[in-house]
Amino acid sequence: MKWDTGPAHLSLDANYSKSTNTLYYAELDLAAVAPRIDQDITTTVPTMKITGLNLNDINSYTIGSMTYNQNNYKGELKALRGDVSFDITSDFLKSMDFGVRVADRTTDFSPIRFFQTKGGSATPYAGLFIANPLNDMFNGSTNIDQNFLVADFNKLRDDFNGVRTQLGITVAPAVTPLGVYSIHEKTYAGYAMAKFKVDSGLRVDGNIGVRVIKTSLQVVGNRAVFVQQPNGSFLQTGFAPVNVDTDYVTALPSANVRFKLTDELQLRLAASQVITRPNFGQLAPTLTLVPGAQTGSSGNPDLSPLKADQLDASLEYYFSPTGSIYAAAFYRKVQDFIQSSSRGQETIDGIVYQITRPANSGNGKIKGFEVGGQTFFDFLPGLLSGFGVQANYTFVDSNTTTSFAGLSAPLSNLSKNSFNVSGIYEKGPVSARVAYNWRDKFLTGITAGGSTLGNYPVYRKPYGWLDASLNVDITKQITFTLEGSNLLRAKTDTYFDVPTRRGNWEQDDIQVMAGVRFTL
């Protein structure tokens, strides 16, 4: 809602949303002992060959473990915002703006967990398994065996309990009370901002202001308790209740100035302080385990928000109504950066896991620059005038301390070099975009290899990916959308500290989504 009364302008906005989400994972393993396995990690696609075992014969296998994880989420958001602006007639100050926002967010989580090992010959249960339908992994590489038996995923998805019963397993999936948690966050924010403008001589405009935020956070649940063993590994000994109450107030000043050097050339300078609160997934105290892969993850209810001092400068040149190029530089001084890591072997119910958790890793610095531009070919006739191109390149240099003594690393998920090239089309009811993105290697986390191996940063190798989207306005209220992501089937190739110490090699499939959007 908006009201305008002379020099005063008022707007109010209320928001309420409620959501539920269910995410599940099911697995049934086959187990076998191979007389010989040959592995070569120097090839582009790592080579692993199994000999002396017929992978397509059900008689070669025993029944392995059966797993079912289901995460049930409920969320609610209530928010109210009010803004008021007062126009001021002067040669410098143009307006004073004030506003408040109150938000109340909650999430409730209840997990269903199931893990049983059946054992025994797989032959009587041949009907539960099929030939691997995904036998073109890594573009059909012959470096790995692609033809083998896997569980019938349709049966696991549609009738998990029927499969469980057929295997003779009487224990059923159930809610794990110790995994239930609730997170409640309230924020109260207010701001004041002055806008200024000078038209004589060097034309300057901008704003200066401050935002004050009070955050109240409560995390209630349980988390696993571990005891470190003499060999450096960790053994779970039980659970402990979690009831974390956090309250903090943050004042965040900011200033933005634009110098209009000519009608086409302008310089922007900005300075600000910002915070980024941990998301609810990072705060969750529960453990999520994948026994078959011996991996797991957990949140950390003791996380502090990331704080940063920011400086930005950019020079922009507008050479046409639809075309521009720019060069920008930036500097960030970061406190309490959140970084994921594992601490080595952790044993839970007799199974050894590698578990990643987020933690505040200390202070860090980010500096770099970006250059880019975009233009439409509006000099072309008719429908062709809707075509355009957009491109940018970014260089980032970063460094932070970690939770491991003596080990520093780049900030997580920041590549030193990255670029984007996009073809765009905007004409009438049609909006389309094809974008190729590439990024250099980047840190994904820190892993502990145990008392003898030491602690290693984990990097993902450089990769590129291609996305495309199409939007067509059928009417003013109805839009057809089509999106395709990862059209080149990007690969994940990780390593520990040096490229010769390889981690995992994965390839994700193409995703295509179509929909219709309605606007009231």
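## Some remarks on the pattern of salt bridges
Counting across every chain of the model gives 19 salt bridges. When the shortest N-O distance is used, the salt bridge between E346 and R343 registers 3.3 Å. Counted as one network, the salt bridges with shared partners bring together R105, E185 and R277.

## With respect to the pairing of strand β3 (residues 36-40)
Bridging between β3 and strand β4 (residues 47-51) involves 5 bridges; their strand directions are antiparallel. Each bridged residue has a counterpart across the sheet, and for R36 the counterpart in β4 is T51. The antiparallel pairing of β3 with β4 creates a hairpin that spans 6 residues between the two strands.

## Digging into the nonpolar core
Generally speaking, soluble globular proteins have nonpolar side chains that are buried together. Ranked by internal contacts, the top residues of the largest apolar core, which has 20 residues, are L28, I63, M66, F129, L156, V163 and L167. Of all the secondary-structure elements, those providing two or more residues to this core are β5 (62-87), β6 (93-117), β8 (149-151) and α3 (160-166). Top contributing element to this core by residue count: β5, with 3 residues. Each residue touching L156, except ones within four places of it in the same chain, is listed here: A26, E27, L28, M66, A151 and V163. Residues F109, I183, F280 and I338 belong to the second largest nonpolar core, which totals 12 residues.

## Considerations on the environment of P305
Tracing the backbone shows P305 in the loop between β15 (295-298) and β16 (306-320). A residue is classified by how much of its surface remains accessible, and P305, at 8% relative accessible area, is buried. Sequence separation between P305 and V274 is 31 residues; the distance between their C-alpha atoms is 9.9 Å.

## So, unusual backbone geometry
Although it is not a glycine, R489 adopts a positive phi angle of roughly 55°. Structurally, R489 can be placed in the loop between β28 (478-485) and β29 (491-496). A positive phi angle, near 70°, is found at D497, a position not held by glycine.

## Some words on the packing of aromatic side chains
Within this structure, the stated rule accounts for 17 aromatic pairs. For the ring pair F377 and F379, a centre distance of 6.1 Å and an interplane angle of 65° mean the geometry is edge-to-face. Three or more aromatic residues joined by ring pairs make a cluster, and in this case those are Y24, Y68, F114 and F160. It is R105 that lies over the ring of F280; its NZ or CZ is 4.1 Å from the centre. Lying over the aromatic face of F234, R343 brings its terminal NZ or CZ to 4.0 Å of the ring centre.

## What about a nonpolar patch on the surface?
There is a patch of nonpolar side chains on the surface, built from I474, F480, L482, L487, I510, V512, V516 and F518 and spanning about 720 Å² of accessible area. It is strand β31 (residues 511-518) that contributes the most residues to the nonpolar patch, 3 residues altogether. Note that I474 resides in the loop between β27 (463-473) and β28. On the basis of relative accessibility, which here comes to 54%, the residue I474 falls in the exposed class.

## Some remarks on the environment of L77
Within the fold, L77 resides in strand β5. L77 sits in the buried class, given a relative accessible area of 19%. Each C-alpha atom of the pair L77 and Y16 lies 5.6 Å from the other, and the pair is 61 residues apart in sequence. Those residues in contact with L77 that lie beyond four places of it in its chain are N15, Y16, S17, D104 and R105.

## What to know about the environment of Y331
Tracing the backbone through its elements, the reader meets Y331 in strand β17 (residues 323-335). The class for Y331 is partly exposed, based on a relative accessible area of 29%. Ignoring any residue separated from it by four or fewer positions in sequence, one finds Y331 in contact with D309, Q310, L311, K365, I366 and K367.

Rules of the game
Residues numbered from 1 in each chain as written. Predicted model: local features only at pLDDT ≥ 70, side-chain atom pairs only at ≥ 80, totals over all residues. Heavy atoms only, no water. Salt bridge = Lys/Arg side-chain N within 4 Å of Asp/Glu carboxyl O. Pairing = 2+ DSSP bridges. Helix = DSSP H or I, 4+ residues; strand = E, 2+ residues; numbered from the N terminus. Core = buried A, V, L, I, M, F, W, Y, C linked by side-chain atoms within 4.5 Å. Buried < 20%, exposed > 50% of the residue type's maximum accessible area, 1.4 Å probe, protein only. Contact = heavy atoms within 4.5 Å. Phe/Tyr/Trp six-rings, centres within 6.5 Å; stacked < 30°, edge-to-face > 60°. Lys NZ or Arg CZ within 6 Å of the ring centre and 35° of its normal. Patch = residues over 30% accessible without salt bridge, like charges linked within 9 Å, V, L, I, M, F, W, Y side chains within 5 Å. Areas by Shrake-Rupley, 256 points an atom, 1.4 Å probe, with all protein chains shown as cover.

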